[in-house]
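Listed below, chain by chain, are the residues.
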Amino acid sequence: MMNVRFKRVKGLFVTGTDTGVGKTLVAGAIAHQLAGEGMKVGVFKPVATGCRLEREGLVSRDAEFLAHCCDSRFSLDEINPIRYKQPLAPSVAAEMSQREIDWDKLQIAYQNISKGSDVTIVEGIGGVMVPLARDYMVADLIKDMGLPVLIVARNSLGTINHTLMTVELCRNKGIKIAGVIINQYITDSCDTSEETNPRIISEISRIRVICVIPYDKISCVEEGRLGREVISAVSVVNWQEWME
């Protein structure tokens, strides 16, 4: 097992039931809301894959979006210290590039960001069982950081199963779960499964569905846009209530 140590700070860790469920959008929207309340918000994307190569080096769109949402004063290199070009699981990308994760760099970047911030919003990569190293998963990182976790789920058939499995694994790891967020809820065209997902997830897991975020065609992580529908959905939640 990795020997990774993090200083405990006030914040949230945003994970998902899978890749592509909207973790970056949700994390960015929360950071935007907290910054609008006058807080110094730190955003942190420990590891990113599928980065594009620019003159300055590898750049993650997710990290750019997070930085934009809260007008971060930190560099992208600090916000996202570990980057790989290949769109693979981190452990596989590290193996393919022959460049293992630099855990010292990751911890120093996190320390710098968190000590200069009132709260820190951390966005993971993929789901909780994505391997960062052979014997170290995203769930282990969440546990070591000691942050409450927000679970982002897509509103579709299969979400109940994926969400409950994520909740169960987090509980088995001793991770505090702040709640679940249902993302991209399309009100006008929901079928019965989509309409009942939030209630069933909450009843079975005994975890609160903190908010339901509607589909917003304006919001786009790739283009750095945060739409009004998403901002409005996030604004009704007192996010500090869920932090430690």
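Every value quoted in this text rests on a predicted model; they were computed, and no experiment measured them.

Remarks on the overall build of the protein
Part 1 of the argument: When helices and strands are tallied, the protein shows nine helices and 12 strands.
Part 2 of the argument: Scaling as 2.2 N^0.38, a compact globule of 244 residues should have a C-alpha radius of gyration of about 18 Å, and the protein matches this with 17 Å.
Part 3 of the argument: Buried positions account for 55% of the 244 residues belonging to the protein.
Part 4 of the argument: Considering only contacts within the protein whose residues lie at least 6 apart along the sequence, 78% involve residues at least 24 apart.

Re empty space enclosed by the protein
Part 1 of the argument: Under the defined criterion, the tally for this structure stands at one cavity of 30 Å³ or more.
Part 2 of the argument: Taken as a whole, the largest cavity holds about 40 Å³ of empty space.
Part 3 of the argument: If you list the elements that add at least two residues to the lining of the largest cavity, you get β7 (119-127) and α6 (138-145).
Part 4 of the argument: Per element, the largest residue contribution to the lining of the largest cavity is three residues, and it comes from β7.

Digging into the packing of aromatic side chains
Part 1 of the argument: Tallying each qualifying case throughout the model produces three aromatic pairs.
Part 2 of the argument: Ring geometry for W103 versus Y136: centroids 5.1 Å apart, planes at 80 degrees, classification edge-to-face. Of the two residues, W103 is situated in helix α5 (residues 103-115) and Y136 in strand β9 (residues 136-137); the sequence distance between them amounts to 33 residues.
Part 3 of the argument: Among the aromatic residues, those joined into a ring-pair cluster are F6, F44 and Y110.

Section: the pattern of salt bridges
Part 1 of the argument: Considering all chains together, one arrives at 10 salt bridges under this definition.
Part 2 of the argument: E64 serves as the salt-bridge partner of R52, at 2.8 Å between the closest nitrogen and oxygen. With R52 in strand β4 (residues 52-54) and E64 in helix α2 (residues 61-69), this pair connects stretches of sequence that are 12 residues apart.
Part 3 of the argument: Measuring nitrogen to oxygen at the nearest pair gives 3.4 Å for the salt bridge that ties R199 to E203.

A closer look at the side chain of N80
Part 1 of the argument: Within the element layout of this structure, N80 appears in the loop between α3 (76-79) and β6 (82-83).
Part 2 of the argument: What makes N80 buried here is its relative accessible area of 0%.
Part 3 of the argument: If sequence neighbours within four positions are ignored, N80 has contacts with K45, P46, V47, A48, S60 and A63.

Describing helix α7 (residues 159-173)
Part 1 of the argument: Here α7 spans 21 Å end to end across 15 residues, near enough to the 21 Å set by a 1.5 Å rise per residue.
Part 2 of the argument: What α7 keeps buried is the set T159, T163, T166, V167 and C170. Looking straight down α7, one finds that the buried residues subtend no more than 100 degrees of arc, so they occupy a single side.
Part 3 of the argument: Downstream of α7 by a residue or two, G174 has a phi angle that is positive, lying close to 80 degrees.

A short note on the environment of E223
Part 1 of the argument: Within the secondary structure, E223 sits in the loop between β12 (209-214) and α9 (228-235).
Part 2 of the argument: Sequence spacing of E223 and I200 is 23 residues, and the spatial spacing of their C-alpha atoms is 34 Å.

Cut-offs and rules
- Residues numbered from 1 in each chain as written.
- Predicted model: local features only at pLDDT ≥ 70, side-chain atom pairs only at ≥ 80, totals over all residues.
- Heavy atoms only, no water.
- Helix = DSSP H or I, 4+ residues; strand = E, 2+ residues; numbered from the N terminus.
- Rg over C-alpha atoms; globule rule 2.2 N^0.38 Å.
- Buried < 20%, exposed > 50% of the residue type's maximum accessible area, 1.4 Å probe, protein only.
- Contact = heavy atoms within 4.5 Å.
- 1 Å grid on protein atoms, 1.4 Å probe; cavity = no way out; pocket = protein on both sides within 12 Å on 5 of 7 lines; lining within 4 Å.
- Points joined across faces, edges and corners; volume = space filled by probe spheres on them.
- Phe/Tyr/Trp six-rings, centres within 6.5 Å; stacked < 30°, edge-to-face > 60°.
- Salt bridge = Lys/Arg side-chain N within 4 Å of Asp/Glu carboxyl O.
- Expected span 1.5 Å × (residues − 1).
- Arc of directions from axis to C-beta.

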